[in-house]
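Take a look at the letters that make up each chain.
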Amino acid sequence: MTCKKNVLWGLALVAATSHAQQSYSVTDMNKRAVPCPEDPQQIGYKHVIDVNVDQRTELEAIAAGNPTPGGYVFPFCNRFKFLMEQEILEVLLPEVTFVCGYNGLQSELCVLEGGNVQVKIPEGSQTNVIFQGMSFSGFTGTSVEAYASSTSKVTFNDAKFETFSNGATAIHQMNPQGGTPMQVEINKAQIENGLAGHLFDNVGGTLVSSELSVIKNVYADSILRTSAGGTSSIAGITATLSDLVVRPFLVYLLEREFWRPLYIQLVCVLFVSLSDLSVTSYFYIHVSKLVVSI
Amino acid sequence: MTYTEGGGKLTVSNVGVTEMNTLGTALFVEGAGSAMSVTTMDVNNIRLFEKYRAGTSRNFNVIIATGGATATASGITVTDCDGVDVSLFVDLKVNCVGESS
């Protein structure tokens, strides 16, 4: 695991130095937190491996009978790239928050960079996991494996997923044991520049999201796939300057010359209910209920 | 944008699709037991990729529901489609506000 300074973030440097206080602070448990290179007033982690080691040390302390605090906080150094080719952030503790910089804002630029899998949340004792202001960049596989069971929950606040490739997935939500996977909550996430499969892949779980923004240059099979009886709820989703082709192998549905006969061949019952449908400024269609059966 | 299958359920509100170089479907739900509910969706400024301009694929589907899936939608507005044929549930043609070609 290595870290390197990002010297290109000058503008962010100006913004970040205006922070007067650190909202998230370290405790005795954060043994490997150090003054951050880009901002020595901040005490945080500059290596993911140190986060993993401190978590394991705490787990051993818990196993030895030490009392657990109400929650754990791991501040990541701001204006820093954490190179993930050789490391994976493992989430091991219950009630744990991984926070970017002083105040947990994405603009403070704590970036997990590169690698196939960046974060693993395995089955374990995690009950409430929070990523606050973290950025996930350059991943080629699954950025976050949310593989714990339904008694656990992971929340992403003010997150960013960017510059992914190779049909990547941002969050894969499933339970390898076959049960119901952990809950996923996304509060404000920005997605840009990348080639993805299903960006958020909910396999049988519960996903709740708000303020999901696909900004530009995203090529994906979908932003969100929900399957295996999963339930997803999105309040606020925008997509701009992107190419999101759902189910390209059903492209015949998109071909006007061919869709009608093939549409008739579909073995399905299509139930559609429309209300308050406005399509032009010249006229409006109001349909209280429309049923189409094939 | 979204794909729901295998008995999955999706509830989505306040959807905005703007300046999309899109050949595809915004919201797709498939399979018996799968369901989708959409409220308040604005589709604006649809653009075809240049490579598709010479072909026959000039259709953009806002919602497709197939294979026994259930979909409900309300409050959908479509504007400025750049000559792209926009459809709702495959065969319900949608005329656009601000059609530019």
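Because the structure is a prediction, the values reported are computed rather than measured. (Residues numbered from 1 in each chain as written. Chains lettered and ligands numbered in written order. Predicted model: local features only at pLDDT ≥ 70, side-chain atom pairs only at ≥ 80, totals over all residues.)

This next bit is on the overall build of chain B. Counting its regular elements, chain B contains one helix and eight strands. Traced from its N-terminal end to its C-terminal end, chain B shows the element sequence β-β-β-β-α-β-β-β-β. For chain B, the residues scored as buried account for 50% of the 101 residues in total. Long-range contacts, defined as pairs at least 24 residues apart, comprise 71% of the intrachain contacts of chain B with a sequence gap of at least 6. (Helix = DSSP H or I, 4+ residues; strand = E, 2+ residues; numbered from the N terminus. Buried ≥ 20, exposed ≤ 12 C-beta atoms within 10 Å, placed from the backbone. Contact = placed C-beta atoms within 7 Å.)

Once that is clear, we can look at the overall build of chain A. In terms of helices and strands, chain A carries three helices and 20 strands. Across the 294 residues of chain A, 44% fall into the buried class.

Let us look at the confidence of the model for chain B. With 78% of its residues at a pLDDT of 70 or more, chain B has an overall mean of 79. Among the prediction metrics, the complex's ipTM stands at 0.85, with pTM recorded as 0.80. (pLDDT = per-residue confidence, 0-100.)

Turning our attention to unusual backbone geometry. One non-glycine residue, Arg79 of chain A, lies in the positive phi region at around 55 degrees. Mapped onto the fold, Arg79 of chain A is located in the loop between β4 (72–76) and β5 (80–83). The exposure class assigned to Arg79 of chain A is buried, which follows from the 26 C-beta atoms found within 10 Å. For Thr40 of chain B, which is not glycine, the phi dihedral falls at a positive 65 degrees. One can find Thr40 of chain B in strand β4 (residues 35–47). With 17 C-beta atoms packed within 10 Å, Thr40 of chain B lands in the partly exposed category.

Moving on, we get to the nonpolar core. Counting 98 residues, the largest nonpolar core has Phe76 of chain A together with Val62 and Ile63 of chain B as the members making the most contacts within it. Among the elements that line this core, the one with the most residues is strand β13 (residues 153–173) of chain A, at eight residues. Setting aside anything within four residues of it in sequence, one finds Phe76 of chain A in contact with Gly44, Tyr45, Phe98, Val99, Cys100, Cys110 and Met134 of chain A. (Core = buried A, V, L, I, M, F, W, Y, C linked by C-beta atoms within 7 Å.)

Looking now at helix α2 (residues 48–63) of chain A. Residue and element names in this part refer to chain A. Taking 1.5 Å per residue as the helical rise, α2 with its 16 residues ought to reach 22 Å, and the 23 Å between its terminal C-alpha atoms agrees with that figure. Within α2 the residues assigned to the buried category are Val48, Val51, Asn52, Asp54 and Glu58. All buried residues of α2 fall inside an arc of 165 degrees around its axis, so they share one side. For α2, the exposed residues lying more than 90 degrees away from the buried face are Glu60 and Ala63. Two residues or fewer past α2, Gly65 is found with a positive phi of approximately 105 degrees. (Expected span 1.5 Å × (residues − 1). Arc of directions from axis to C-beta.)

Turning our eyes to something else, we now look at the environment of Val62 of chain B. Residues and elements named next belong to chain B. Considering the arrangement of structural elements, one finds Val62 in strand β5 (residues 59–66). For Val62 and Val43, which are 19 residues apart along the polypeptide, the C-alpha to C-alpha distance reads 8.0 Å. Among all residues touching Val62, those that are not within four sequence positions of it are Ala26, Leu27, Val43, Ile76, Val78, Val86, Leu88 and Val94.

For the rest of this paragraph, the subject is the confidence of the model for chain A. Residue and element names in this part refer to chain A. For chain A, per-residue confidence averages 80 on the pLDDT scale, and residues scoring 70 or more make up 74% of the total. Predicted confidence is poor over residues 1–20, with pLDDT under 50, and the contacts of this stretch with residues over four places away or in other chains come to 34 contacts. Across residues 247–294 the pLDDT falls below 50, and counting only partners more than four positions away or on other chains, this stretch makes 73 contacts in the model.

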